[in-house]
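Chain by chain, the residues:
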Amino acid sequence: MEYHRLSFPLVGNPSPDLAKKDAGQAGMTPGQHGTRSMNERLPSRKIFGLLFLLFTFYFSLFTVSYAAEPPKRIISLAPNMTEILFALGLGDRIVGVTSFCDYPEEAKKKPKVGGMSNPSLEAVVTLKPDIVVMTTDGNPKEFEARLRSMGIRTYVFTSRRLSELPRGVRELGAALGVKAKADEFADHFEASLGKFRIKHARAARNARKVLFIVWPEPLIVAGPGTVIDDALRIIGVENIASGAKAEYPKYSIEEVIRKSPDIIFIGKGKGMESASEGLFKMLRKVPAVREKMVFYVSDDLYRLGPRTLRGIEEISALTDGKP
Amino acid sequence: MKINFFLIVLIFFAVLAISLFLGPTPINPLALDGTTREILINIRAPRIAVAVLMGMALGASGAVLQGILRNPLADPYILGISSGASLAAAIGIIGGVTIFGTFSIPVFAFAGAVLTGGIVGVMGWKRGGLWPERLLLAGVGLSFLFSALLMLIMSVSRDEGIRRAMLWIFGDLSMSDWERVPYGVLFVFGGVAISLWRAKALNALILGDEFAHSLGFAPQTERVLLFISVGLMTAASVSLGGMIGFIGLLIPHIARFFIGSDNRLLVPASALGGGALLCAADLIARSALPPMELPAGIITAIIGSPYFLYLLRRKNVLSV
């Protein structure tokens, strides 16, 4: 869309077809541009049309990332992006994903282009994508630059926090030509967050202390700046690790005992219960362990995407109505 | 030299006491409540015990290995034992092995270490004996192979186990509990005891096989015995808490600056020095950025290397 705006002042009157199209995109009725009068002046219309095409071509060289056609072949380089794209109904257009993209079930059947931090350039190029969707949360910057230098259009998703997601999805939807669906997603997300906030507003006043364990041995927990930290804040509990200096710090066991969390969440997973055995033995005097307030939760909160709400619902239900 | 040794013993115990009562939050031993007692007895004390055992094992085995290989660059990791242990541990972690409960990973690592030690021993064996150069080269070769296999597993593994495996391999003392300590004591003290018992033979071996033979030692038997003790200590150390760099290579050299090259003093001094250094490094690792923890292996190298370089310039010592 960008080049239409750029070329108008230069060409004077654009061709009616394009004017119609542009007006349509801007939400106006075609009649506003006086289509009929222009149809009568055929020669000038042709010249203008030609000029316009030339300019279009000229500008499109510089604004590759703003092609007017919604992209048909999408590659997703992050599991949460894959989930978002599927949620926006773009599943059919996805032609490549990372080996980490395991949700929804259909994502597993898509061709793989490698990992998040080390996708294969060759695999990406071979799939001839119209656009490659990436994130600032795990994809290397250099890879994005490399793709762009090869003339491959990229979209970089920058939202990393809960509150940033709706805006991020709206922008993504606009760029991929599914604006309505994206707005619907974002509205629902915002409304749900609002509901959680209201529901837990009272709890926040005398917040219970919570620790969210990502891996027990060595002890890695969810720290500040993570979606999990945001989620804990929304359900009105205090993350005892939010004062750490890393997003996923290796946390001191001594400090867990000293801060004595009332509730411990720990990610479910293969062998997680036996892997955490040793840790909970060391933490046996902590209130959460003593009072059996240790909960194994799904991985819904690990990815910022459509499942995040379910993850919040899950921890919200677990903290609900308990002293 | 005796006085210097006495000083090392003193420093050793001072570091132990300090690390017990300092930490992310200092604990006053005279005013204990339920929480601080729990932290002191069940979290810090076993952690310090494990750090000391690991450091002792690495320091002592480094000193012995530099002697039997007659090489100042030898350290317990050069024999590939640690790479073997890491590979086994990574397989255990990524594969989610839990057959031995909380002991699964240490048992895997120990088995990997012993197996690797055995392979190195077989490769280094020729004409009825172990040969230093062959041992060294076999160790380096195996070490490359195992590191490559480890990297291979990590690059094809999709699991988030990679980061965990990395954290484990690069030294983690935070999960130390009392249950592991007796095994550590058994293997580490066993290894140190063998080395001390054969320290005189080690002195002779450094001077050459013919010389050792003329002094009444059987060089090949002594080498096998000492090699076994090094293998046991290294295996125990890696399985207790992963790989910690610097200590095995440089603590024996630092100890030599103060004690001299007599292995009857050098081996225990390296053990005590290694124990004290790892204990101090771990103290810094867990206290520098509370409530976060840093890997102790980084701290040992950061505080140890400049000191070693300083000694290298100051002291008038030319070789092992």
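Residues numbered from 1 in each chain as written. Chains lettered and ligands numbered in written order. Predicted model: local features only at pLDDT ≥ 70, side-chain atom pairs only at ≥ 80, totals over all residues. Heavy atoms only, no water.

## Section: the overall build of chain A
For chain A, the helix and strand inventory stands at 15 helices and nine strands. With 323 residues in all, chain A has 49% of them scored as buried. Sequence separation of at least 24 residues holds for 60% of the intrachain contacts in chain A that already meet a minimum separation of 6. Here chain A has roughly 15700 Å² of accessible surface; of this, 56% comes from carbon and sulfur atoms. (Helix = DSSP H or I, 4+ residues; strand = E, 2+ residues; numbered from the N terminus. Buried < 20%, exposed > 50% of the residue type's maximum accessible area, 1.4 Å probe, protein only. Contact = heavy atoms within 4.5 Å. Areas by Shrake-Rupley, 256 points an atom, 1.4 Å probe, with all protein chains shown as cover.)

## A few points about the pairing of strand 3 (residues 131-135) of chain A
Residues and elements named next belong to chain A. The buried fraction of strand 3 is high, at five of five residues. With burial as the criterion, each face of strand 3 is covered, one bearing Ile131, Val133 and Thr135 and the other bearing Val132 and Met134. Note that strand 1 (residues 74-76) and strand 3 share three bridges and pair parallel. Counted as the bridge partner of Ile75 is Val132 from strand 3. (Pairing = 2+ DSSP bridges.)

## Here we look at the pattern of salt bridges
Side chains carrying opposite charge are able to pair once their charged atoms draw close together. Tallying each qualifying case throughout the model produces 32 salt bridges over all chains. Ionic pairing is found between Arg310 of chain A and Asp300 of chain A, a salt bridge with its closest N-O pair at 3.1 Å. One end of the pair, Arg310 of chain A, is in helix 15 (residues 308-319); the other, Asp300 of chain A, is in the loop between strand 9 (294-297) and helix 15, and 10 residues separate them in sequence. Since its relative accessible area comes to 46%, Arg310 of chain A is described here as partly exposed. Residue Asp300 of chain A is classed as buried on the basis of its relative accessible area of 4%. Of the charged contacts, one joins Asp209 of chain B and Arg223 of chain B as a salt bridge, the two residues approaching to 2.9 Å between their closest N and O atoms. Taken as a pair, Asp209 of chain B in helix 9 (residues 209-214) and Arg223 of chain B in helix 10 (residues 219-241) lie far apart in primary sequence, 14 residues in all. Accessibility assignment for this pair places Asp209 of chain B and Arg223 of chain B in one class, buried. Through salt bridges with shared partners, a single ionic network connects Glu254, Glu255 and Arg258 of chain A together with Arg44, Arg47, Asp282, Arg286 and Glu293 of chain B. (Salt bridge = Lys/Arg side-chain N within 4 Å of Asp/Glu carboxyl O.)

## With respect to the interface of chain A and chain B
Taken together, the contacts link 30 residues of chain A with 30 residues of chain B. Summing both partners gives a buried area of about 3100 Å² for chain A against chain B, and 60% of it is carried by carbon and sulfur. Contact with chain B buries surface across chain A, with Lys250, Glu254 and Met282 of chain A losing the most and accounting together for 23% of the total. Linking chain A with chain B are five salt bridges, by the criterion used here. Seen at the junction of chain A and chain B, the total is eight residue pairs in polar contact (both at pLDDT 80 or more). (Buried area = accessible area lost by both parts, 1.4 Å probe. Polar contact = N/O pair within 3.5 Å; in protein donor to acceptor, adjacent residues only side chain to side chain.)

## Observations regarding the sheet that holds strand 1 of chain A
Residue and element names in this part refer to chain A. If you walk across this open sheet you meet the four strands as 2-1-3-4, and the pairing is parallel. Both edges of this open sheet fall to strand 2 (94-96) and strand 4 (154-157), since each of them pairs with a single strand only. Pairwise comparison of adjacent strand axes, ignoring direction, gives a mean angle of 35° for this sheet. Relative to strand 4, strand 3 runs parallel, the two being bridged by four bridges. Bridging from a neighbouring strand, Met134 pairs with Val156 of strand 4. (Axes fitted to C-alpha atoms, helices over the stretch in contact; angles between N-to-C directions.)

## What about the packing of aromatic side chains?
Residue and element names in this part refer to chain A. If you walk through the whole model with that rule in mind, you get eight aromatic pairs over all chains. When the centroid spacing of 6.1 Å and the interplanar angle of 15° are considered together, the rings of Phe185 and Phe189 count as stacked. Placement of the pair is Phe185 and Phe189 together in helix 9 (residues 179-199), with a separation of four residues, close to one helical turn. Accessibility classification places Phe185 together with Phe189 in one group, the buried group. Ring plane angle 45° and centroid distance 6.0 Å describe the contact between Phe212 and Phe265, whose orientation is recorded as tilted. (Phe/Tyr/Trp six-rings, centres within 6.5 Å; stacked < 30°, edge-to-face > 60°.)

## Description of unusual backbone geometry
The residue after Tyr103 of chain A, namely Pro104 of chain A, is reached through a cis peptide bond having omega -10°. Checked against the element boundaries, Pro104 of chain A lands in the loop between strand 2 and helix 6 (121-126). With an omega dihedral of 0°, the bond running from Pro290 of chain B to Pro291 of chain B counts as a cis peptide bond. Looking at where Pro291 of chain B falls in the secondary structure, it is placed in the loop between helix 12 (263-287) and helix 13 (296-314). Although it is not a glycine, Arg70 of chain B sits at a positive phi angle of roughly 50°. Note that Arg70 of chain B resides in the loop between helix 2 (34-68) and helix 3 (81-94). You will see that Phe246 of chain B, though not glycine, has its phi angle at about 75°, which is positive. Along the chain, Phe246 of chain B turns up in the loop between helix 10 and helix 11 (247-259). Relative accessible area serves as the criterion here: at 10%, Phe246 of chain B is assigned to the buried category.

## Describing the nonpolar core
Ile68, Leu69, Ile244, Ile247 and Leu278 of chain B are the most contacted members of the largest nonpolar core, which totals 88 residues. Those residues in contact with Ile244 of chain B, other than ones at most four positions away along the chain, are Met54, Leu58, Tyr77, Gly171, Leu278, Ala296, Gly297 and Thr300 of chain B. Met116, Ile240 and Tyr251 of chain A together with Leu40 of chain B belong to the second largest nonpolar core, which has 77 residues in total. (Core = buried A, V, L, I, M, F, W, Y, C linked by side-chain atoms within 4.5 Å.)

## Things to note about the domain arrangement of chain A
Residue and element names in this part refer to chain A. Annotation of chain A at the domain level lists domain 1 (2-65), domain 2 (74-192) and domain 3 (204-319). One C-alpha centre belongs to domain 2, the other to domain 3; they are set 28 Å apart. Taken together, the contact pairs 17 residues of domain 2 with 16 residues of domain 3. The largest share of the area that domain 2 buries against domain 3 comes from Glu83, Arg161 and Leu162, three residues that together contribute 43% of it. Here domain 2 is connected to domain 3 by five salt bridges. Between Glu247 and Arg160 there is a salt bridge, and its shortest N-O distance comes to 3.9 Å. At the boundary of domain 2 and domain 3, one finds eight residue pairs in polar contact (both at pLDDT 80 or more). At five residues, the largest contribution of residues to the side of domain 2 that touches domain 3 is made by helix 5 (residues 79-87). (Domains from an automatic or database assignment.)

## Things to note about the confidence of the model for chain B
Residue and element names in this part refer to chain B. In the predicted model, chain B carries a mean pLDDT of 87, and the fraction of residues at 70 or more is 95%. Predicted confidence in chain B is weakest over helix 6 (residues 161-169), with a mean pLDDT of 72, and strongest over helix 12, with 94. The complex prediction reports pTM at 0.78, with the ipTM value standing at 0.79. (pLDDT = per-residue confidence, 0-100.)

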